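The residues making up each chain are set out below.
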Amino acid sequence: MALSLIPPLTDGPISYQAIYQPAQTGSFHNNNMAALCRGRHRWKRTNCLHVLTRNLSGIYDYDLVVIGGGSGGLACSKEAARLGQKAAVLDYVEPSVKGTKWGLGGTCVNVGCIPKKLMHQAALLGTAVKDARKYGWQISGPICHDWATMAEAIQNHVRSLNWGHRVQLQDKKVKYLNVKGSLVDEHTVRGLTKAGKEMILTAKNIVIATGGRPNYPIGIPGAKEHGITSDDIFWLKKEMVLSSTRRGSDVALECAGFLTGIGLDTTVMVRSIALRGFDQQMAGLITDYMATYGTKFLWKSVPKSVDKLSSGALQVTWTDTRTGDEHKDTYDSVLWAVGRAPETKALGLDQLGVRLKKETGKILLGSDESTSVPNIFAFGDIGEGRPELTPTAVKAGKLLARRLAGLSAELMNYDNVPTTVFTPLEYACVGLSEEDAEERHGKDGIEVYHAFYKPLEFIVAERDASQCYLKVVCARGGEQKILGLHFTGPNAGEVAQGFAMGFQCGATYSHLLQTVGIHPTCAEEVVKVNITKRSGLDPAVTGC
Amino acid sequence: MLFNRLLPSLALPRHAALTRRAMASADPQTTRLDFLVIGGGSGGLAGARRASELGASAAVIESHRLGGTCVNVGCVPKKVMWNAAVHAEYLHDHSDYGFEVESVRFSWEALKAKRDAYISHLNRIYRNNLDKAKVQNIQGHARFTNDPEPTVEVDGRKYTAPHILIATGGQPTVLSDADIPGGNLGITSDGFFELETLPKRTVIVGAGYIAVEMAGILSTLGSKTSMIIRQSGVLRNFDSFLSTNCTKELQNSGVDLWKNSQVTSVRKTEKGLEVTVVTKDQEKKNDEEKTSTIQEVDCLLWAIGRQPNTSGLNVAAMGLEMDERGHIVVDEFQNTSRPGIYAVGDVCGKALLTPVAIAAGRKLAHRLFEDKNDSKLDYSCIPTVVFSHPPIGTVGLTEEEAIRSRGKENVKVYKTSFTPMYHAITSRKSQCIMKLVCEGKEEKVVGLHMQGLGCDEMLQGFAVAIKMGATKADFDKTVAIHPTSSEEFVTMR
């Protein structure tokens, strides 16, 4: 049933609710609704339903209460309101261990994607200015970067986004409450303001979208006192002449990348492997590039302690697990990027019996985002096995709102999710890693097409392109359906979106070949790829 | 046509090797091959190499440097210059991102030296690739002879083959003094790549993509640039959404745009060229014609179109069908009107793009030497990028074309425009605009048009999906990549 079929009513959003609500309350109303859309007497009937549903929803303060005003929570509550539901969103930022706090919008806007990408852009400009010299730009004097200027501009932008989100909630008639929410029962949420004032909200459905926060390592003296996390780095006002220890997650590599790019001496400590869960050949290319870019790596090392010296510098002690030797060095800052933990502690989930995955502390969810307790749903970073990505949370949130409004049965498809790591050499992928494809289909069941290519922008700039690479992992038999697509290079995120869509449509290797290239771009290399790994031929691209 | 009838037995021999043996005694002076390619540009080289890989003896005749327009005076050096201009924009943004960059000066000379070195390097690569592929490289001008069997003469030596491919490309249209007094004082895009210094004052005539790209590069690198266009906007055969936006972006970036104007004469003075321009709005009947002059012009660049390279080739001897603009007419399999003679690339006048010529050349080789009888290039949904500032990406039908072919009621358009996140903290701003043209109830996406930062790299993947027949619902189903500009396409409402 499309929104446009129904004549606009005069008494505001509540009337949409009147139209849509019956879909949830039983097949009788559903049938009526279908007839109603086709029938001539829509007005009369709609008004009649209107009264009916007011009574029904009158039991609760809200149709939907969302705890967590991040990407997912905002999308879910706004979609619900758009569909005529009475919705509220509760958001409360618990300051980080270091005392950093921020506004509405969750991780992505405040301490994730947005500030990260902007700092990544700053780093790219650091590289660009070096390239510019090769392109005939004569720049006199040294080039300095001022952290404060960058940080202030980024922080102002983030504040404008915080404000934008508040305005949007208001426009879309979502009630925004700056309170810390916890569950009382399956229809009741308790809110606590900063001043300690309590409020009770009742709702037909409750959605938990509180996301996650960065971890600190356990059992390392000084880790918490002297270390920061990604919750803090984007809000630092003063430049940190910095080096840091962390593990090789995407957050670690992205942070290390932009810090190196703006000219800071940066070290990454990696316990085992970089970018676990990602294609390991691609992970290797990314860290190789970063190493030539100037980021230092301490492989197979485990931190032991962090001590503050009288000079103010931080002394980090670690063990090289290959040799068992202990090492020490001093740094100005230590940033931990050792994973993220779900924000479930304050929610009171255990009293209600909401089941969690023991190892991760995340909420166990059905494919419709339902928890083990009726009327309580959860999605986003807090959900067990869900990708920790903004777009999946946004999409899942919208779909959940539509289902809860009884307008759709469509479930979120968590397959085919493309992602990009904004390291100095960007990496984007969709579908399976080569390892996973091999595991599922066997070594003989897959064909990997690959190419080392040279971006034209690197050539005049005399930049080393040895990590600019792409591979298309295909099923070997039949039409050679694409199982996974991986790309490192400039603008990888922009390159990958369209291919992710082709992938979503079931693209095969021959679909790539049938598409005419765009010359000269990096993206065209994907449709030109023709060397298989199996052939053992040189995958380096020469000429146009 | 006469020869055609006289020599029916020569038409498309099935086995090239057999033909070679049978005819070896006919004329010992003539070198016989399976595949003879005239023109060592993108299309010719690709076709010859592929033919050779498939076992044919092949040769490429080229009078200039290998690589053709793309490598020497087209895509590649153009994009190098565009990259240099993009750096100018970055330098502008550096302080917003916290970098302190002191005085900056641009050295055209340094860039040109590097660009030339790179092009020479590519020329060598192309030669090596030919050698590796065992394709003979014949240096010189090709000319069809009047021999009964299609034969090409280069420097007095004759070559023949049962399959001859014409891939001579095109060149910029030049204006002579007869067309416009002083017309030959201007240069074309070929001349642009020979410029040894950055012109201080440039006038570009034309509204096509080459004019737009040249204006963007020169203006961004610091040349005061005027553009003379005949109508009110640039890129008039693009979707009007792009045409309007690109015209606006050019003006915003400081290009001095002369609409409804034409150059009537050019004069050389001591201080440079003096370009006389007549302006008259054709739409306004009462608008008076206004004559103005632009003084002290260092560089007048004609970007008024391209024409096929057929002069000196003596195509008349082959009796090939040509169109009114001199392009060789080919069918969907690249066959000319004469059996055994084919043409690909710009000389055919259709989709003047390197990857098109390459693909057409390769498809032809597969058809001729691998017996793949249905091997041909599908000319629909060819993606194109214009390296304007910011770049343009387009594939498929414009809204206007879709409405013409399917009717207004069957066409639905989705549009968005936003400021890319890169500009969130810069004082310099540029918009990103996007448009989807959908057809029918199922909302099949038949056209995608965009202009903005990164659009050059965004397009390729979408082109694959559109070629596969993607619908708006497929766009909606795809999960976004955050934060990018391209995600806006899959979150459009």
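No experiment lies behind these values; they were computed from the predicted model shown.

**Observations regarding the overall build of chain B**
At step 1: Check the secondary structure of chain B and you find 13 helices and 25 strands.
At step 2: Radius of gyration (C-alpha) of chain B: 25 Å, near the 23 Å computed for a compact globule of 493 residues.
At step 3: Classification of the 493 residues of chain B by burial places 58% in the buried group.
At step 4: A separation threshold of at least 6 residues defines the contact pool for chain B, and within that pool the share at least 24 residues apart is 63%.
At step 5: Side-chain charges in chain B split into 58 positive and 57 negative, and the spacing between the mean points of these groups amounts to 3 Å.

**So, the overall build of chain A**
At step 1: Looking only at helices and strands, one finds 19 helices and 24 strands in chain A.
At step 2: Residues counted as buried form 57% of the 544 residues belonging to chain A.
At step 3: For chain A, the accessible area works out to roughly 22100 Å², and carbon and sulfur atoms hold 51% of it.

**A word on the UniProt feature "binding site: FAD" (unreviewed entry) in chain B**
At step 1: In the numbering adopted here, UniProt assigns the feature "binding site: FAD" (unreviewed entry) to Lys79 and Asp346 of chain B.
At step 2: Secondary-structure assignment places Lys79 of chain B in helix H5 (residues 75-93).
At step 3: Aside from chain neighbours lying at most four places away, what touches Lys79 of chain B is Leu456, Glu457, Pro520 and Thr521 of chain A together with Phe387, Asp456 and Glu457 of chain B.
At step 4: Checked against the element boundaries, Asp346 of chain B lands in the loop between strand E20 (341-343) and helix H10 (354-369).

**A closer look at the UniProt feature "domain: Pyridine nucleotide-disulphide oxidoreductase dimerisation" (unreviewed entry) in chain A**
At step 1: Under the UniProt annotation, "domain: Pyridine nucleotide-disulphide oxidoreductase dimerisation" (unreviewed entry) lies at residues 417-528 of chain A.
At step 2: Structurally, residues 417-528 of chain A comprises 33% helix and 26% strand, and the distance from its first C-alpha atom to its last is 24 Å.

**Some words on the environment of Leu407 of chain A**
Residues and elements named next belong to chain A.
At step 1: Turning to its location among the elements, Leu407 is positioned in the loop between helix H14 (390-404) and strand E19 (419-421).
At step 2: Judged by its relative accessible area of 26%, Leu407 is partly exposed.
At step 3: It is 26 Å that separates the C-alpha atoms of Leu407 and Gly211, two residues lying 196 residues apart in sequence.

**A short note on the packing of aromatic side chains**
At step 1: Within this structure, the stated rule accounts for 17 aromatic pairs over all chains.
At step 2: A centroid spacing of 4.4 Å and a plane angle of 40 degrees characterise the contact between Phe452 of chain A and Tyr469 of chain A, whose relative ring orientation is tilted. Separated by 17 residues along the polypeptide, Phe452 of chain A in strand E21 (residues 446-452) and Tyr469 of chain A in strand E22 (residues 469-475) bring together distant segments of the chain.
At step 3: Look at Phe475 of chain B and Phe489 of chain B: their rings are 6.5 Å apart centre to centre, the planes differ by 65 degrees, and that puts the pair in the edge-to-face class. In this pair, Phe475 of chain B is assigned in helix H13 (residues 472-477) and Phe489 of chain B in the segment after H13, connecting sequence segments 14 residues apart. Both residues of the pair, Phe475 of chain B and Phe489 of chain B, count as buried.
At step 4: Members of the aromatic cluster, connected to one another through ring pairs, are Tyr90, Tyr97 and Tyr422 of chain B.
At step 5: Between the NZ or CZ atom of Arg463 of chain A and the centre of the ring of Phe458 of chain A, over which it lies, the distance is 4.0 Å.
At step 6: The ring of Tyr379 of chain B carries Lys350 of chain B above its face, with NZ or CZ at 4.4 Å from the centroid.

**Digging into helix H12 (residues 280-293) of chain A**
It helps to recall that an α-helix has 3.6 residues per turn; residues three or four apart then point in one direction.
Residue and element names in this part refer to chain A.
At step 1: The end-to-end C-alpha distance of H12 is 20 Å, a good match for the 20 Å that 14 residues give at a rise of 1.5 Å each.
At step 2: Restricting attention to buried positions, one finds in H12 the residues Met282, Ala283, Leu285, Ile286, Thr287, Tyr289, Met290 and Tyr293.
At step 3: Sitting at the head of H12, Asp279 places a side-chain oxygen 3.1 Å from the backbone nitrogen of Gln281.
At step 4: Phi for Gly294, located one or two positions after H12, is positive at around 120 degrees.

**Here's the deal with the pattern of salt bridges**
At step 1: What the rule picks out here adds up to 41 salt bridges over all chains.
At step 2: The residue Arg428 of chain B makes a salt bridge to Glu89 of chain B at a minimum N-O spacing of 3.5 Å. One end of the pair, Arg428 of chain B, is in the loop between strand E23 (411-418) and strand E24 (432-439); the other, Glu89 of chain B, is in helix H5, with 339 residues separating them in the sequence.
At step 3: In this structure, Glu196 of chain B and Lys112 of chain B form a salt bridge, with 3.4 Å as the shortest nitrogen-oxygen distance. Of this pair, Glu196 of chain B sits in the loop between helix H7 (189-192) and strand E12 (201-205) while Lys112 of chain B sits in helix H6 (residues 108-132); the two residues are 84 residues apart in sequence, bridging distant segments of the chain.
At step 4: Relative accessible area serves as the criterion here: at 9%, Lys112 of chain B is assigned to the buried category.
At step 5: If you follow the salt bridges from partner to partner, you end up with Glu79, Arg82 and Arg402 of chain A together with Arg493 of chain B in one network.

**Structural notes on the sheet that holds strand E8 (residues 151-154) of chain B**
All names here are of chain B.
At step 1: Taken in spatial order, the 4 strands make up an open sheet running E1-E9-E8-E7, and their pairing is mixed. Two strands bound the open sheet, and with one partner strand each, they are strand E1 (30-32) and strand E7 (142-144). Geometrically, the sheet is characterised by an average inter-axis angle of 35 degrees between neighbouring strands, direction not taken into account.
At step 2: Of the strand pairs in this sheet, E1 and strand E9 (residues 157-160) are connected by 3 bridges, and their pairing is parallel.

**Regarding the confidence of the model for chain A**
At step 1: Averaged over every residue, the pLDDT of chain A is 87; the share at 70 or more is 87%.
At step 2: Scored below 50 in pLDDT, residues 1-56 of chain A makes 64 contacts in the model with residues more than four places away or belonging to other chains.

**Thoughts on the interface of chain B and chain A**
At step 1: Facing 78 residues of chain B, the contacting portion of chain A comprises 83 residues.
At step 2: The contact between chain B and chain A buries some 7100 Å² in all, and 67% of this surface belongs to carbon and sulfur atoms.
At step 3: Three residues stand out in chain B for area buried against chain A, namely Glu457, Gln460 and Val479 of chain B, and they jointly supply 11% of the buried area on that side.
At step 4: Connecting chain B to chain A are 2 salt bridges.

**Quick word on the side chain of Arg213 of chain A**
Residues and elements named next belong to chain A.
At step 1: If you trace the backbone, Arg213 turns up in strand E9 (residues 212-214).
At step 2: Within polar-contact distance, the side chain of Arg213 engages the backbone oxygen of Glu94 at 2.8 Å.
At step 3: A polar side-chain atom of Arg213 sits 2.7 Å from a polar atom in the side chain of Asp231.

**Here we look at the UniProt feature "domain: Pyridine nucleotide-disulphide oxidoreductase dimerisation" (unreviewed entry) in chain B**
At step 1: Under the UniProt annotation, the feature "domain: Pyridine nucleotide-disulphide oxidoreductase dimerisation" (unreviewed entry) is placed at residues 382-492 of chain B.
At step 2: Note that residues 382-492 of chain B is 24% helix and 29% strand, and that its end C-alpha atoms are spaced 23 Å apart.

**Structural notes on unusual backbone geometry**
At step 1: The omega angle of the peptide bond from His519 of chain A to Pro520 of chain A is -10 degrees, so this bond is cis rather than trans.
At step 2: Within the secondary structure, Pro520 of chain A is located in the loop between helix H18 (509-514) and helix H19 (524-528).
At step 3: Pro390 of chain B follows His389 of chain B through a cis peptide bond whose omega is -5 degrees.
At step 4: Tracing the sequence through the fold places Pro390 of chain B in the loop between strand E21 (384-386) and strand E22 (392-396).

**A word on helix H17 (residues 492-504) of chain A**
At step 1: Over its 13 residues, H17 of chain A runs 18 Å from end to end, which matches the ideal 18 Å to within 8%, given 1.5 Å per residue.
At step 2: Backbone geometry just downstream of H17 of chain A places Gly506 of chain A in the positive-phi region, at approximately 85 degrees.

**Describing the packing of helix H5 (residues 71-82) of chain A against H14 of chain A**
Residues and elements named next belong to chain A.
At step 1: Look at H5 against H14: their axes get within 7 Å of each other, and the N-to-C directions meet at 30 degrees. Accordingly, the angle class assigned to the pair H5 and H14 is roughly parallel. Both H5 and H14 take part in a crossing whose hand is right-handed. Facing H5, whose interface residues are Ser71, Gly72, Ala75, Cys76, Glu79 and Ala80, H14 presents Thr390, Ala393, Val394, Gly397, Lys398, Leu400, Ala401 and Arg402.
At step 2: Among the residues making up the contact of H5 with H14, the classes are represented as 7 nonpolar, 4 polar and 3 charged.

**Structural notes on the pairing of E8 of chain B**
All names here are of chain B.
At step 1: Here E7 runs beside E8; their pairing, made up of 3 bridges, is antiparallel. What sits directly across from Ala142, in E8, is Val154.
At step 2: Between the end of E7 and the start of E8, which pair antiparallel, lie 6 residues.
At step 3: Relative to E9, E8 is paired through 4 bridges, and the arrangement is antiparallel. Counted as the bridge partner of Val152 is Tyr159 from E9.
At step 4: Hairpin connection of E8 to E9: 2 residues between the antiparallel strands, including Asp155 at a positive phi of 50 degrees.

**Observations concerning the packing of H5 of chain B against H6 of chain B**
Helices that pack against each other are described as a pair by the angle of their axes relative to one another and the distance between those axes.
Residue and element names in this part refer to chain B.
At step 1: As a packed pair, H5 and H6 sit with axes 10 Å apart at the nearest point and diverge in direction by 150 degrees. Once H5 is placed against H6, the crossing between them reads as right-handed. Residues Val76, Pro77, Val80, Met81 and Ala84 of H5 pack against Trp108, Leu111, Arg115, Tyr118, Ile119 and Leu122 of H6.
At step 2: Its residues assigned to classes, the contact of H5 with H6 comprises 10 nonpolar, no polar and 1 charged.

Reading the values: rules and limits
All residue numbers here refer to positions counted from 1 along the written sequence of the relevant chain. Lettering of chains starts at A and numbering of ligands starts at 1, both following the order in which they are written. Two thresholds apply to this predicted model, a pLDDT of at least 70 for residue-level local features and 80 or more for giving and counting side-chain atom pairs, whereas whole-chain, interface and lining totals are computed over all residues. Processing note: side-chain calculations cover all non-hydrogen atoms of the structure and skip hydrogens and water entirely. The numbering of helices and of strands both runs from the N terminus, where a helix is a DSSP run of H or I of at least 4 residues and a strand a run of E of at least 2. Radius of gyration means the value over C-alpha atoms here, while the globule rule gives 2.2 Å times the residue count to the 0.38 power. Working definition: with a 1.4 Å probe on protein chains only, accessible area under 20% of the residue-type maximum means buried, over 50% means exposed, and in between means partly exposed. Residue contacts follow a heavy-atom distance rule, with two residues in contact if any of their heavy atoms lie within 4.5 Å. In this tally Asp and Glu are treated as negative and Lys and Arg as positive; neither His nor the chain ends contributes. Every charge is mapped onto a representative atom, which is NZ of Lys, CZ of Arg, CG of Asp or CD of Glu. All accessibility values rest on the Shrake-Rupley procedure with a 1.4 Å probe; residue burial counts only the protein chains present in the view. UniProt positions are given in the numbering used here, feature names are shortened, and annotations may be inferred rather than shown by experiment. Aromatic contacts are taken between Phe, Tyr and Trp rings whose centres are within 6.5 Å, Trp giving its six-membered ring; a plane angle under 30 degrees counts as stacked, one over 60 as edge-to-face, and the others as tilted. Look at NZ for Lys and CZ for Arg. If either is within 6 Å of the ring centre and within 35 degrees of the ring normal, a charge sits over the ring. One less than the residue count of a helix, multiplied by 1.5 Å, gives the span that helix is expected to have. Between N or O atoms, a polar contact is any pair within 3.5 Å; within protein, one atom must be a potential hydrogen donor and the other a potential acceptor, and residues adjacent in sequence are included only when both atoms are from side chains. Definition used for salt bridges: Asp or Glu carboxyl oxygen within 4 Å of a side-chain nitrogen of Lys or Arg. Note: two strands are recorded as paired if DSSP finds a minimum of 2 bridges between them. What counts as an axis is a line fitted to C-alpha atoms, over the stretch in contact for a helix, and the angles between N-to-C directions run from 0 to 180 degrees. Confidence scores per residue from the predictor, reported as pLDDT, run from 0 to 100. Summed over both partners, the accessible surface that disappears when two parts come together, traced with a 1.4 Å probe, is what is meant by buried area. For classification purposes, an angle smaller than 35 degrees is called roughly parallel, one larger than 145 roughly antiparallel, one from 65 to 115 roughly perpendicular, and anything else oblique. Two helices that cross are described as forming a left-handed crossing if the nearer one is turned anticlockwise from the farther one by less than a right angle, and a right-handed crossing if clockwise. In this count, Pro and Cys sit with the nonpolar residues alongside Ala, Val, Leu, Ile, Met, Phe, Trp and Tyr, while Asp, Glu, Lys and Arg are called charged and the others, Gly among them, polar.

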